[in-house]
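Residue strings, one per chain:
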Amino acid sequence: MSGLFSFTRLGALLVKEFIQMRRDRITFAMMLAVPLMQLVLFGYAINNDPKALPAAVVATSQDRYTRAVISALEITGYYRFDHVVRTVEEGERLMASGAVVFLVTIPSDFARRVDRDDDPTILIEADATDPAAASGAISTLGTVAASALARESGTVNARPSDIEIVVHRRYNPEGISQYNIVPGLLGVILQMTMVMMTSIALTRESERGTMENLLAMPASPIEIMLGKVLPYLIVGAVQVAVVLTAARLLFGIPFIGSVGLLLSAVLIFVFALVLLGYTISTIARTQMQALQLTFFFFLPSILLSGFMFPFRGMPDWAQWIGEVFPLTHFLRVIRAVMLKGAEFSAVAFETGILAAFVLIYSAVALTRFRRTLD
Amino acid sequence: MNAIEVAGLVKRFGGKTVVDNVSMTVAGGEIVGFLGPNGSGKTTTIRMMCGLLTPDAGQGRVLGYDLLREARKIKREVGYMTQRFSFYEDLTIEENLAFVARLYELAPAKAHVERALEELGMTSRRRQMAGTLSGGWKQRMALAACIMHKPRLLLLDEPTAGVDPQARREFWDEIHRLAADGLTVLVSTHYMDEAERCHRISYISYGKLIASGTVVEVVRDAKLATYVVSGADLAAIAASLKAAPGVEQVAPFGATLHVVGSDRAALERSLEPVAARDGVRVQEGETSLEDVFIQFMSRAEDNMR
Ligand SMILES: Nc1ncnc2c1ncn2[C@@H]1O[C@H](COP(=O)(O)OP(=O)(O)O)[C@@H](O)[C@H]1O
Ligand SMILES: [Mg+2]
């Protein structure tokens, strides 16, 4: 009957935790409303596909092909050619100052090459510090330019593949698109709520004085831990459902991979997060300290996980730090599964790392757990 | 078998010795009162006895289990009622009791909860939030929760603080009923009348156990002389006696004055001029437990200086 683990005792702790969760209306509402709010807020803020971005064209010749390409680009609505400059240096200055987002260079031999069918080239430099904006504009480029040329030359010569479009994404080589952002947002939102909620699990008991009673009764550390974190797995599951549904309905995010695989990965990730929060609560002495530790963890994990900035664009040491955050590994899994349709074998390693976090955090939390009030 | 047998318990917090070499024995079925001023180390001692604090030195057995190595077993058979209400205020009475019943794996939990609610007359309040209960009801609920698993030892830490006299009376009646069934009780308290309802008492001051025994023994061992002064102009007499040699306490009790000292001869000499006054009577009186405790407290203060 005693032993280190009993389902009856765990059940007692779970029931108690659920009742408390339900009674704490504000927190409960926050757990459901905040993710949705954040998704809509950030999703739209990042998802905007701005048109008429200021652009400059470096056109050394004013032949009819050049004019055709430029006007075709303008018609897409993405580009607004405010500046026509003569030299590349002039264009570079405009871009560095932020006056233009694109710099389109059409070489002087462009017309000649089109006529000779000799791989005409257009160079587009994009300020990718705002990558979501730049990517929409760039993606239309090839077809637009090619069909413009085709029309202009009255032949079918200029197939899209014939024009070589060289795109230089400046300042941000990876070029995150909004599709990249929304799945990542799921990870960030989960991390925020799960870690924060569980980080005060034990400190709240201590501050309310109920810890003394709990410790005086025969609950084992592992039962207390599971009793505290398991309810949040369910909250996490609800959040995942809300965010994924919204991602689909509001943003039309493609969902290529297996739902089962994705949900399993999410489950492991959420489990790691709640255990991380619980570990924090075994270290902090007050709720205030717990929240401070949580935020101390949040910022680097968001900045270095590859959510905000392309992971591979960071220096090695930063990548090493990034590897210690579950979010980093989760982002790889969810982007691979959701956007690229990856199979389990492709994400097995990263999923394994997430599972390792579960074990590590549990071990740390159980070692740190104080069975006494010392 | 003794329910509690601890020796040389020491607890320090940041270099300050809060419990200093405390030894205590409580026989099975006994009600022992644990007395001492605020901050003297009662709570700390009780916490060490139920495994909530690790002693820095000392050892002992509680219910036959080793204090240091068998804390889990001790916890299962001890009911500990904390000084501060430490059940869940955002749970109802019934939910709190059900939580406790399941944690102790009482089966069926529901039946145990029903019985506890009935025995304590709380069936009609079962759905009330524990946080909205008055002091007396909180205390009853806490007691009900603490004895639900039929512990063999009950540790009560100032259970009646902030509870009205009638509720206190009922509470003590309940304690005596439980003890009659064989439960051992160690109860800390501030109230003299409660001390007198215990089979034995122990008095702790600044972490040191300085007296223990029955109330009669403790009073006798204190070796105090007490005189009762009655008559006119007691306020002036009190003022004149305060600084007199041999006088350690002067306290008005209704229309009389209690004068207490440990040096009987000196006390009598100082009282002679008072007795000689017109209309003033000085009689030898009985030393009360309160006189003894006040004596303990002032002595301890002197030692600290
Ligand atoms: N966790 C703790 N950390 C530091 N000091 C403590 C702690 N618990 C109690 N004390 C100190 O120990 C002394 C005795 O406290 P306590 O045992 O609560 O006394 P009592 O219960 O007799 O009022 C007090 O001075 C108190 O401030
Ligand atoms: Mg106390």
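Since this is a predicted model, take the numbers as computed values, not measurements.

Peer 1: For this particular structure, what's the right way to read the interface of chain B and chain A?
Peer 2: The accessible area lost on association of the parts is a frequent measure of interface size. Each partner contributes to the interface: chain B provides 26 residues, whereas chain A provides 32 residues. Taken over both partners, the interface formed by chain B and chain A buries close to 2900 Å², and the fraction arising from carbon and sulfur atoms is 56%. Contact with chain A buries surface across chain B, with B:Arg72, B:Tyr88 and B:Leu103 losing the most and accounting together for 23% of the total. At the junction of chain B with chain A, the criterion picks out five salt bridges. Residue A:Arg9 is joined to B:Glu105 by a salt bridge in which the shortest nitrogen-to-oxygen separation is 2.8 Å. Within the residue set of the side of chain B that touches chain A, elements represented by two or more residues are helix H2 (71–77) and helix H3 (93–103) of chain B. Residue contributions to the side of chain B that touches chain A peak at five residues, all from H3(B). Classifying every residue of the side of chain B that touches chain A by side-chain character gives 11 nonpolar, five polar and 10 charged.

Peer 1: How should I be thinking about the packing of helix H12 (residues 259–283) of chain A against helix H13 (residues 287–304) of chain A in this particular structure?
Peer 2: When two helices pack together, their arrangement is given by the angle between their axes and by how far apart the axes lie. Residues and elements named next belong to chain A. Packing of H12 against H13 brings their axes to within 9 Å, and their N-to-C directions diverge by 135°. On the basis of their axis angle, the class for H12 and H13 is oblique. Seen along the crossing, H12 lies across H13 with a hand that is right-handed. Between H12, through Leu-276, Ile-280 and Ile-283, and H13, the contact on the second element is made entirely by Ala-290, Leu-293, Thr-294 and Phe-297.

Peer 1: Teacher, can you tell me more about the coordination of the magnesium ion (ligand 2) here?
Peer 2: Expected angles at a metal are 109.5 degrees for tetrahedral coordination by four donors and either 90 or 180 degrees for octahedral coordination by six donors. Within the protein, the atoms that donate to the magnesium ion (ligand 2) are B:Thr43 (OG1) and B:Gln83 (OE1), at distances of 1.9 to 2.2 Å. Highlighted residues: B:Thr43 in helix H1 (residues 42–49) and B:Gln83 in the loop between strand S6 (78–81) and H3, separated in sequence by 40 residues.

Peer 1: Would you explain the sheet that holds strand S13 (residues 256–261) of chain B in this entry?
Peer 2: Across a sheet, paired strands are connected by hydrogen bonds in the backbone, their directions being either parallel or antiparallel. Residues and elements named next belong to chain B. Strand order in this open sheet of four strands is S12-S13-S11-S14, and the pairing throughout is antiparallel. Each having just a single partner strand, strand S12 (249–253) and strand S14 (280–285) make up the two edges of the open sheet. If you compare each strand with its neighbour and ignore which way they point, the axes differ by 25° on average. Pairing analysis gives six bridges linking strand S11 (residues 225–231) to S13, with the strands arranged antiparallel. Its bridge partner lying in S13, Tyr-227 is registered against Val-259. Contacts from helix H10 (residues 264–276) reach S11, S13 and S14, with the element oriented near 10° to S11.

Criteria and thresholds
Residues numbered from 1 in each chain as written. Chains lettered and ligands numbered in written order. Predicted model: local features only at pLDDT ≥ 70, side-chain atom pairs only at ≥ 80, totals over all residues. Heavy atoms only, no water. Contact = heavy atoms within 4.5 Å. Buried area = accessible area lost by both parts, 1.4 Å probe. Salt bridge = Lys/Arg side-chain N within 4 Å of Asp/Glu carboxyl O. Helix = DSSP H or I, 4+ residues; strand = E, 2+ residues; numbered from the N terminus. Nonpolar A, V, L, I, M, F, W, Y, C, P; charged D, E, K, R; others polar. Axes fitted to C-alpha atoms, helices over the stretch in contact; angles between N-to-C directions. Parallel < 35°, antiparallel > 145°, perpendicular 65-115°, else oblique. Left-handed = near helix turned anticlockwise from the far one by under 90°. Donors = N, O, S within 2.8 Å, 3.2 Å for Na, K, Ca; no water. Pairing = 2+ DSSP bridges.

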